[in-house]
Protein chains: 4
Amino acid sequence: MPGNAFGQAFTFTTWGESHGPALGCVIDGVPPQVPLSEADLQGWLDARKPGQSRYTTQRRESDTVRILSGVFEGLTTGTPVCLMIENEDQRSKDYSEIKDKFRPGHADYTYLAKYGIRDYRGGGRSSARETAARVAAGGVARRVLEHLLAPAPLIRGALVQMGPHEVDRANWDWAQVGANPFFAPDATAATTWAGYLDEVRKAGSSIGAVVEVVADNVPAGLGEPVYDKIDSDLAKAMMSINAVKGVEIGNGFAAAATSGEDNADEMRMAGETPTFLTNNNGGALGGITTGQPLVCRFAVKPTSSITVARQTVDRFGNEVEVQTKGRHDPCVGIRAVPVGEAMMALVLCDHLLRHRAQTGAHGPVTPAFDEN
Amino acid sequence: MPGNAFGQAFTFTTWGESHGPALGCVIDGVPPQVPLSEADLQGWLDARKPGQSRYTTQRRESDTVRILSGVFEGLTTGTPVCLMIENEDQRSKDYSEIKDKFRPGHADYTYLAKYGIRDYRGGGRSSARETAARVAAGGVARRVLEHLLAPAPLIRGALVQMGPHEVDRANWDWAQVGANPFFAPDATAATTWAGYLDEVRKAGSSIGAVVEVVADNVPAGLGEPVYDKIDSDLAKAMMSINAVKGVEIGNGFAAAATSGEDNADEMRMAGETPTFLTNNNGGALGGITTGQPLVCRFAVKPTSSITVARQTVDRFGNEVEVQTKGRHDPCVGIRAVPVGEAMMALVLCDHLLRHRAQTGAHGPVTPAFDEN
Amino acid sequence: MPGNAFGQAFTFTTWGESHGPALGCVIDGVPPQVPLSEADLQGWLDARKPGQSRYTTQRRESDTVRILSGVFEGLTTGTPVCLMIENEDQRSKDYSEIKDKFRPGHADYTYLAKYGIRDYRGGGRSSARETAARVAAGGVARRVLEHLLAPAPLIRGALVQMGPHEVDRANWDWAQVGANPFFAPDATAATTWAGYLDEVRKAGSSIGAVVEVVADNVPAGLGEPVYDKIDSDLAKAMMSINAVKGVEIGNGFAAAATSGEDNADEMRMAGETPTFLTNNNGGALGGITTGQPLVCRFAVKPTSSITVARQTVDRFGNEVEVQTKGRHDPCVGIRAVPVGEAMMALVLCDHLLRHRAQTGAHGPVTPAFDEN
Amino acid sequence: MPGNAFGQAFTFTTWGESHGPALGCVIDGVPPQVPLSEADLQGWLDARKPGQSRYTTQRRESDTVRILSGVFEGLTTGTPVCLMIENEDQRSKDYSEIKDKFRPGHADYTYLAKYGIRDYRGGGRSSARETAARVAAGGVARRVLEHLLAPAPLIRGALVQMGPHEVDRANWDWAQVGANPFFAPDATAATTWAGYLDEVRKAGSSIGAVVEVVADNVPAGLGEPVYDKIDSDLAKAMMSINAVKGVEIGNGFAAAATSGEDNADEMRMAGETPTFLTNNNGGALGGITTGQPLVCRFAVKPTSSITVARQTVDRFGNEVEVQTKGRHDPCVGIRAVPVGEAMMALVLCDHLLRHRAQTGAHGPVTPAFDEN
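Under an unreviewed UniProt entry, the name given to chain A is Chorismate synthase, and the organism recorded is Rhodovibrio salinarum. The Pathway (unreviewed entry) comment attached to chain A in UniProt states, word for word, "Metabolic intermediate biosynthesis; chorismate biosynthesis; chorismate from D-erythrose 4-phosphate and phosphoenolpyruvate: step 7/7."

Listed below in structure tokens is the structure:
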């Protein structure tokens, strides 16, 4: 019932604060005999880690992950996998500016309202630093998916909008995503964003963004109607990422202005295999995967930590101003890309295992049609 | 682990198919001593029920709800509340058109892919008829909220967009919502929509919509970081409604193009009470309610059942056409309004009870500030 | 979080009070394509139902079960199965004797302490009448086990002690269980008990009992370490039955006085198959099934409703006497036999499905040894 | 759904193997503002820790616990509490004797049957070393109970039987429990056991035991009917401890031979307060606490690791002998005493929080009687 866990069959619980000694997660339900090492996870953490360009916070963390349990001689054993990342750059700093003030857009006021106490150092538990644990868990989920499904799902994310600037989908190239500091799939957009974000950063401001995550090679049949639909759980997963304020599947909000004819994903046969002519529904119908790519987008609000002064109050009821000094991301949406990918992997892995409980299917889940 | 339940402290499980003998739900966790009668629930069901205007399906159901357990002498006892609604209009019809064909946009293909069997009568379990059980459960949640909180949360929904036509927020009047068949909060929009939807209906087509649900009088402090944020659970709840493809909290996707300064909800004192100058975040920060109105929007795709013929395949691998005959909603978004309200009530009730487990607070949950 | 559900993959939630209109359950997670009809369930309900001999309560209930959802054309569809049993003999009676008094041994005092309200009619929710819903759910579990495992688990229960009189295990004959009104596996014991229980009944008293439930043909490998061990879940399941005060697996309490050598279940090969020479551990090691029979015993306290007057207090703080008039079981342990069997079936079914989530095994779960 | 977590409102998940780098747990749902330090936990760990007398294993572990999260300036914050204990004495040893053989009474065979892989070093996850994490979590539960209830529940355990030798209840003295290496509440029994266990140990054998755990000052009203009764959850909790084969509440199995009159816990008034004249039901009626002491006993089988050779098979299908060399407990029941106490604390804490969700009661849960 408490809220720090996600998943019902592949269940991970994260723990740790921004400025505590360490953070991590425990994953319960990992299938046995899956090859797993720290090296399998570190790459994903490196993609998320701060301080890699002038567009992200300069906090210095190696984000080195350790596997503390659940792996024996290179294979998972079916017992819980505990992952730990030690915090290194818990910079000893002066918290007097934020200790008693409620920073607008942050969880300062609400944590105090809820608990009557808060760890104000770097946002404590509400810091996006928690997402490092998700990314590590997502790495385990990817290994499980690769072990159980052939072909393995291919999960990729990209930044598709920064402030008012959207990518041009005609230019979409997944190979570009790793070639610029924004995870942009469009080299032209990356150039535009570089200049734009420099301005934002220099102004002491910040800006929002939209992230798109796509999973290819997803078998048909995953998802649990009616409340744990695959898209319901994706919506929850993405909305749980810090600063996310909206989630779409497939055409999303555009579907509101679409007619039934245009929105229908018609079907034809591709040889022996049923196939869809379009993917307006983003790979899910009735909450169950269709076998098409699973397409999810989410909106990330602008970083709340800005150097521009804002009005607020403090815990003593005084009206004050607050401005954030120090290291911050001018566009937190950028680093949300690997987090979104991790959440997609985690949702898919959980639903694959849940599906097996009820139907017992091995390996790829495929439609069970009658013979002709 | 199966997916037909929602909520962790106020847990409801729904059951029933479109053309089975009955549908309903069991609610476990209802606090004791709450006044509850069938009359408390029937009004909400009547708002959702089909056949009330020419803009909704002509299926005839009285949707009469019975309380089978959990209430004694007009009060809840703390034991499970079972609600049942008998299906009356399971029209004996010819299913040959849809028995073996996969209707585009429907769950026909995916249910068969998942389970290897499907109840094709009226969509079976994937029918929006399931939402009647949610609306009934939502009525219980409202009574619990009224019993535990003073003032009680005021939960209201409205249709804010139909196809390309949005409401004019300058005209917003909650009183209008009950005065037109569209739950429109803008009388002018209602007039426009009436003509527009007649055209859609006559063309045998359908159209999407956007619903907004707002909860006033929500205490600060509800929501469980980090995965069961109030907005994460709202996103899941709304995305679980049939045909929903997108969910937003507060400014939602518009936040992507907003700067940190503009998005900050600044604070001042209103006498002794901290207050916010704006509500861009829609009543939630860090996944916990701020005490401001909780604002959620969701996009509903156009009804997939249309009389315009669409290409598809059947379960035997033949390429065929399909068109839906009979009674259907040209804009299912309309009847999603009371369902969205119910889901908001259910999420709030669940989180209020969950909050009490960890903090033990009675009645209104209020910020626990230090004395000045 | 509320307590009226059991099972995590095969999850059933029961509802209903002794004197309400109906009782029943919803089962979520039933695998698809399992043959299921009301006739499959009725036999188990008939075994539990009251009024079948002078040794059980004379309440008259046909206990006719209806399937309200989840079955289509004779097969389960994977959607929730709702079962309902209408109460028929809610005899209009005078409750003045028990309305305000706390009957010793009953839940009257504790329900009022917990909820501040109680449905005093026949014990309300705390009545053993709730077990009818478990037995119905157990019938579904049996069908699922038969569908998924070959050979199917054989789940049988027997009364092995009534008051001071134990069965003679040398006489054990499962065929006797259905041949006497006590579910005794020993014809001699049945004769002894008949005379003994007549005395108890005539004295207006009651007596305790011990039930043994054995499951044969259980595959090795079921159970989830370390908290959801198969024996932990059996202990919980059996202890949740009304009036149960103790649970044992295998040799149980006798193991306390046993040496390590004597308690060891040594192994040899039976051809190609590892086999155990004894079953002191009752079919579970480390919380996981060994493939041997799963053996569970539980103690049932004497019926608390007796006609002998007992001292108590009422809700107004008066010291009073109370005696139960009307129809009651002199030994509730008897009718606990089919309930214990149902709980065994439900635990096994849940663990079989849970096992499949993590390991994906089809059908019989068998040891995965290396080749020699 | 996986099995390494316990509790629904106060949820702890343990991780770690006998010979891995560390073990620990994450506790989600800890109420905020509870004073908590490592010193609060260390004492309980010291009571359980090995190597403290010649009657327990000579493995040397300091069992030093570290709090990695969830505590700020000496108080819990409401976020997850992660506890870690590093393994120190992972003695590099020769595993050839047990690597491929199935030790009778151990989980070797069943883990391999379930997962197809096992960490054979010291039993891996099935080792009783896992209970260190429970004891640490139990220490947190005790602090929460002290914080929320006045008077705080007093949770104490004792060994009441070793092999054939029971304590004399006439001699019961809780002060004795800490004064001998057996947690015996009877000094005479302790003397007897010392001689007896020396014989067992020297013979290379082992012996079973019975542990009793009693909680005083438990408020009335805790427990969730009908499946999560307080006694159901205690049964599950105790049965989940390594080597436990039976659990009783109150009179337990003795109730089978008791009459309804004798088993009734009659009530009288003690001034203004309802009181019970006996506690045959062990503090629970209908699964809800009565306010009397909660009394639970469990049977622990003899240690399976013995130096006496036993017959078994290996994973290659060879018939072999096995004998355990090295350090082991001749009576694991002894060290199960602090583990049983911890589980009692954990169950009570979980149920106190769950109770608050549904009823919202603050502090002591007391009967809500009408005025006279």
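When you look at the UniProt feature "binding site: NADP(+)" (unreviewed entry) in chain A in this model, what are you seeing that I'm missing?
Residues and elements named next belong to chain A. Within this structure's numbering, the places UniProt gives as "binding site: NADP(+)" (unreviewed entry) are R48 and R54. Overall, R48 belongs to the buried group, its relative accessible area being 1%. When sequence neighbours within four positions are dropped, the list of residues in contact with R48 reads D63, A128, R129, T131, A132, V135, R335, P338 and V339. Mapped onto the elements, R54 comes out in the loop between α1 (38–48) and β4 (65–67). Residue contacts for R54: discarding those within four places in its chain leaves D198 and R201. Within polar-contact distance, the side chain of R54 engages the side chain of Y55 at 2.6 Å.

Teacher, can you tell me more about the interface of chain C and chain D here?
The accessible area lost on association of the parts is a frequent measure of interface size. Taken together, the contact between chain C and chain D spans 115 residues of the former and 115 residues of the latter. The tally of links between chain C and chain D comes to 66 residue pairs in polar contact (both at pLDDT 80 or more). Here the side of chain C that touches chain D is composed, by residue class, of 54 nonpolar, 37 polar and 24 charged.

Even after reading the chapter, I still don't get the pattern of salt bridges, so can you show me in this structure?
Between side chains of opposite charge, pairing is possible as soon as their charged atoms come close. This model, assessed by the stated rule, comprises 103 salt bridges over all chains. As a salt-bridge pair, D46 of chain A and K49 of chain A come within 3.8 Å of each other at their nearest N and O atoms. Salt-bridge contacts for E319 of chain D lead to R268 of chain C; the nearest nitrogen and oxygen are separated by 3.6 Å. Of the two residues, E319 of chain D is situated in strand β18 (residues 319–322) and R268 of chain C in strand β12 (residues 267–270); the pairing between them involves two chains. Connected through shared salt-bridge partners, K236 of chain A together with D228, D233, D350 and R354 of chain B make up one network.

Which parts of the structure should I look at to understand the UniProt feature "binding site: FMN" (unreviewed entry) in chain A?
Residue and element names in this part refer to chain A. Residues annotated by UniProt as "binding site: FMN" (unreviewed entry) correspond here to R125, S126, S127, N242, A243, G286, K301, P302, T303, S304, S305 and R327. By the secondary structure assignment, T303 is in the loop between β16 (294–300) and β17 (310–313). Take T303: its relative accessible area is 7%, and that puts it in the buried class. As for its placement among the helices and strands, S305 is situated in the loop between β16 and β17. Once you skip the residues sitting within four places of it in the chain, S305 turns out to touch R103, H106, T324 and H328.

Explain the relation of the copies chain B and chain A here, please?
In this arrangement, two copies of a chain are superimposed by a rotation about an axis accompanied by a shift along the axis. Once turned by 180° and shifted 0.0 Å along the axis, chain B lies on chain A with an RMSD of 0.0 Å. Look at the turn and shift together and you get a two-fold axis relating the two. When the interface residues of chain B are mapped onto chain A, 100% of them again lie at the interface, so the same face is used by both copies.

Is there a simple way to explain the relation of the copies chain C and chain D in this structure?
Rotating chain C by 180° about the axis while translating it 0.0 Å along that axis superimposes it on chain D, leaving an RMSD of 0.0 Å. A shared binding surface is used by both copies, with 100% of the interface residues of chain C retained as interface residues in chain D.

Quick question: what am I supposed to make of the pairing of strand β7 (residues 81–86) of chain C here?
Put simply, side chains in a regular strand alternate between the two faces of the sheet. Residue and element names in this part refer to chain C. Burial analysis of β7 places five of its six residues in the buried class, which makes it a mostly covered element. Here strand β3 (residues 22–28) runs beside β7; their pairing, made up of six bridges, is antiparallel. Paired with A22 across the bridge in β7 is E86. Here strand β4 (residues 65–67) runs beside β7; their pairing, made up of three bridges, is antiparallel. Directly across from V65, in β7, lies its bridge partner I85.

Definitions and limits used
Residues numbered from 1 in each chain as written. Chains lettered and ligands numbered in written order. Predicted model: local features only at pLDDT ≥ 70, side-chain atom pairs only at ≥ 80, totals over all residues. Heavy atoms only, no water. UniProt positions renumbered as here; feature names shortened; annotations may be inferred. Buried < 20%, exposed > 50% of the residue type's maximum accessible area, 1.4 Å probe, protein only. Contact = heavy atoms within 4.5 Å. Helix = DSSP H or I, 4+ residues; strand = E, 2+ residues; numbered from the N terminus. Polar contact = N/O pair within 3.5 Å; in protein donor to acceptor, adjacent residues only side chain to side chain. Nonpolar A, V, L, I, M, F, W, Y, C, P; charged D, E, K, R; others polar. Salt bridge = Lys/Arg side-chain N within 4 Å of Asp/Glu carboxyl O. Least-squares fit on C-alpha atoms with pLDDT ≥ 70 in both. Pairing = 2+ DSSP bridges.

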